[in-house]
Structures are given as structure tokens and as C-alpha cells.
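# Per-entry structural report
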Amino acid sequence: MIAKLEEAIDFLKETAITENTANVIIEGEKKKKKKKKKKPKAQTEPPTVPVSKIYTSKIYPLGETHDYINENLWRITSEEKRAEERLKEDDYNDLRRAGEVHRQVRAYARKTIQPGMSMIDIAEMIENGTRALVEENGFESGIGFPTGLSINHCAAHYTPNAGDKTVLAYDDVLKVDFGVHVNGKIVDSAFTMNFNPKFDKLAEAAKEATYAGIREAGIDVRLCDIGAAVHEVYDSYEIELDGKTYRLKPIRNLNGHNIGPYQIHGGKSIPVIRDSGDKTKLEEGELIAIETFCSTGRGYALEDGECSHYAKSMESSFVPLRLARAKSLLASINKNFGTLPFCRRYLDRIGEEKYMMGLRNLVDAGIVTAIPPLVDIKGSYTAQLEHTILLRPTCKEIVSKGDDY
């Protein structure tokens, strides 16, 4: 009897040990599983964390949406149009990823850019952030076009070349214009920075005029009607600088545009003046950039200064090239940029050397287009604001909209 009791006690002890061991193993496995779960990361300063590591679901934030009006009201509740949108959700998500990269990069740029910084440091800060956050990978994702850092009377298309010693000053008015692409879908957005508050009205006018254009834009809207809405805002603005009053003028030859795959200017030009006479209509599905520029000068921009921007021509046909350096440079451009705009710093970055003669040869042959800075009269000041808008079947979405502008 005692022997049987002892056997029973030993069995219970062994069973308890086995159960305890099993429980320890189970708990350990649970902890391992918990450890494997990746939590979304927070953005760093300067920004280095890809947005895909922050939005781990790979679903990126919706831009600001606006309902269509008047004869397009029916689109809001159309089941057919909603079904069309569901089929394009992957394309929309690519654009939203690019838009989120733009927002996060510019958020850091807007609080970091200060007088005393060199143009090269500013450009590289923005471009390095863009490359990191979009996880630059050739034609899958990367920079949409060179970072524009145009100052004062220079309105657009200036980015520093290597060796540029330009430094931002307190009394400068800086236009920051940069783009991000995901699978060739480009988000193009720009803003104006001033440090002397006497220029506040200038930046305010550009913002109000651009939003007037955005409100007017929509499916089947005539381009001339957008221009009229923009011009009306600029008519209401004037600015006093150093005791002299200037009526602000839209820069009439700097316009908004539609955006194509890997093509920053898709062919349509969206005017910023009334009486343009362009009755072309916007269409469903178009991706457009509404951008407006204003000036204290003549309101017309001319090409001037050292060229930094270039792009392979969309219309160029086969042209025989005799210069070996031009041939090798074209191969490099095709491999690294395709039809996306690039600048001389980008050629330096990929290891190209002594390329200026070859580049000039490509420009002369019409294969590559040179895009020089665009300036108003010296002594004038210019401002810009730009957003990318997607004309979805059921609504328009400001893909680049953020809390800042």
C-alpha cells in the first residue's frame, strides 16, 4: 500500500514538472511571436525612415478630397464611377506614397532652411531625404525632377551646379519646388519661403491664387476659366516694399500643366491669366499641377543664367551621333533618368565626368532639352505655390496637400 502511494506521488511530481516545462515553452513561444511583430517606426530628423516602414500596411494617406459641383454632382454617388476607382486603387496608392514622402521631406525642410545656408546644402538636404523616404530604386521610385531653389527675380528652374557658392540671405524670397515619383507617377509641389515679414503678402497672394485655381479645376472645366479665377485673385493684391507700392502680376508665361507617366509636363498648359482663349477641357483621370507665380516686376519670365536643368526630349527621333562622348552620355541618361528631368549634379553623382561637350552635342541634336532659369526683371520679387491634383471619377484629390499648405 505504501509502495503504491509513493509511486503515485512520484507520478504526480513528474507530471507537474512536465506541465511546468510545457508552460515555460509555450510562454517563451508567445514572447517570440510578440517580438516578431514590427511596430511602425517614427520619422527621424533629418528624415531617413522610408514611409513604407511608417505605414506598414503599405496603404498611404488619402489627400484632401473635394466634391465635384454643378453638372458633375452625379459623380459623387455613382456606383459605376466608384467601381472604376476601385480598379485604379494601386495607381492612386502609388501617388499617395509619393505625396506622403513630399509632405515629410518638406516639413523638415521648412523648419530647417534658414539664411546663411548654401543652395547646395539645401538642395542635398531635400534630395537625400526624398531618396531615403521613397526608397530610391531606379524607375520604380525616386526623385521626380531636380530641386528648384529659385531666389527673388528668378522664378523657376534654378538648382545649384557643383561649385555654386550662393548663400541664402534674410531678404531673399525662396521658391522650393521638388518632385517625387513612384512607378513614374509624379507628385509636383512647391512653396515660397521668406524670412523678412515684408514679403508675407507676396507669398500669401501666390497661395490664394493657386487655391482659386484648384477650386475652379475639375472634369470638363475649360483651361481659360481656371486662368480667369487665378488672375482675379492677383488683381486684388498689392505689396508695399521700402515705401513703394507694387501691384502684383501673375507671371503670364509660367503655367500649370498636366503630368504624364515619367513626364513632368504632359502637354496641356493651364494658364494663370484671363482671356487666354484656351477652351481645352480637363478630363477624367488626369493628373494635373495647379501652380501660379506672381511678381512685383513685369509679369513675364525670360531664360537667363547658367543652365542646370535638362530632360530628354519626348519628341526626339533617332539622330546619328558622331561624338563618342555624346553616345555614352545618352546611354547613361537613358539608364538612370529616362524621360525624367535631371541636373548636372545628378550626372556628377552617378560618376559622369567631363560631360559638358557631350551634353551640348545632345542638346544641339534635339535629343536633350536644356531648361535654363526663368527670370523676371532684376530687382523684382517672385512667389509660387503649387499642388498636384488627381481628377478621380468621383472627386478631385489634392494629393500633395498637407497641414502646412
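The coordinates are above.
Note that the structure is a prediction, hence the values are computed from the model and not measured.

### Description of the pattern of salt bridges
- Enumeration over the complete set of coordinates arrives at 30 salt bridges.
- One salt bridge connects lysine 111 with glutamate 45, and the closest N-O pair in it is separated by 2.3 Å. Linking lysine 111 in helix α4 (residues 89-112) with glutamate 45 in the loop between α1 (2-36) and α2 (51-54), this pair joins segments that are 66 residues apart in sequence. Of the two residues, lysine 111 and glutamate 45, both sit in the exposed class.
- Residue lysine 185 pairs with aspartate 91 through a salt bridge whose shortest N-O separation is 3.6 Å. Of this pair, lysine 185 sits in strand β5 (residues 185-194) while aspartate 91 sits in helix α4, and the two are 94 residues apart along the sequence.
- Looking at aspartate 91, the relative accessible area reads 39%, which means it is partly exposed.

### Things to note about the sheet that holds strand β16 (residues 374-375)
- Spatial strand order, β3-β16-β12: three strands in an open sheet with antiparallel pairing. Whereas interior strands pair on both sides, the edge strands pair on one side only; in this sheet they are β3 (154-156) and β12 (302-303).

### Side note on unusual backbone geometry
- Between glutamate 45 and the following residue, proline 46, the backbone shows a cis peptide bond with an omega angle of -5 degrees.
- With respect to the element layout, proline 46 can be found in the loop between α1 and α2.
- Positive phi outside glycine occurs at histidine 157, with the angle close to 70 degrees.
- With respect to the secondary-structure elements, histidine 157 resides in the loop between β3 and β4 (173-182).
- Residue histidine 157 is classed as partly exposed on the basis of its relative accessible area, which comes to 28%.

### Quick look at the sheet that holds strand β15 (residues 368-371)
- As summarised here, the arrangement of the three strands in space is β14-β13-β15, forming an open sheet in which the pairing is antiparallel. Both outer strands of the open sheet, β14 (342-343) and β15, are each paired with one neighbouring strand and no more.
- Strand direction decides the pairing type here: strand β13 (residues 309-312) and β14, joined by two bridges, are antiparallel. Across the sheet, the residue bridging to histidine 309 is cysteine 343, located in β14.
- Together, β13 and β15 form the strand contacts of helix α10 (residues 356-364), whose direction differs from that of β15 by roughly 105 degrees.

### Thoughts on the environment of isoleucine 290
- Within the element layout of this structure, isoleucine 290 appears in strand β11 (residues 287-295).
- According to the relative accessible area criterion, isoleucine 290 is buried, its value standing at 2%.
- Residues isoleucine 290 and arginine 325 lie 35 residues apart in sequence; the distance between their C-alpha atoms is 39 Å.
- In this structure isoleucine 290 touches Thr210, Gly213, Ile214, Ala217, Ile226, Ile270, Leu385, Glu386, His387 and Ile389, once residues within four positions along its chain are discounted.

### Things to note about the side chain of lysine 185
- For lysine 185, the side chain forms a polar contact with the side chain of aspartate 94, separated by 3.3 Å.
- For lysine 185, the contacting residues outside a window of four places in its chain are Asp91, Asp94, Leu95, Ala98 and Val180.

### A few points about the side chain of serine 189
- Of note, serine 189 is situated in strand β5.
- Given a relative accessible area of 0%, serine 189 falls into the buried group.
- Within the local environment of serine 189, its side chain forms a polar contact with the backbone oxygen of glutamate 386, the two atoms lying 2.8 Å apart.
- When sequence neighbours within four positions are dropped, the list of residues in contact with serine 189 reads His102, Arg106, Val176, Asp177, Phe178, Glu386, His387, Ser400 and Tyr405.

About the criteria used
- Residues numbered from 1 in each chain as written.
- Predicted model: local features only at pLDDT ≥ 70, side-chain atom pairs only at ≥ 80, totals over all residues.
- Heavy atoms only, no water.
- Salt bridge = Lys/Arg side-chain N within 4 Å of Asp/Glu carboxyl O.
- Helix = DSSP H or I, 4+ residues; strand = E, 2+ residues; numbered from the N terminus.
- Buried < 20%, exposed > 50% of the residue type's maximum accessible area, 1.4 Å probe, protein only.
- Pairing = 2+ DSSP bridges.
- Contact = heavy atoms within 4.5 Å.
- Axes fitted to C-alpha atoms, helices over the stretch in contact; angles between N-to-C directions.
- Polar contact = N/O pair within 3.5 Å; in protein donor to acceptor, adjacent residues only side chain to side chain.

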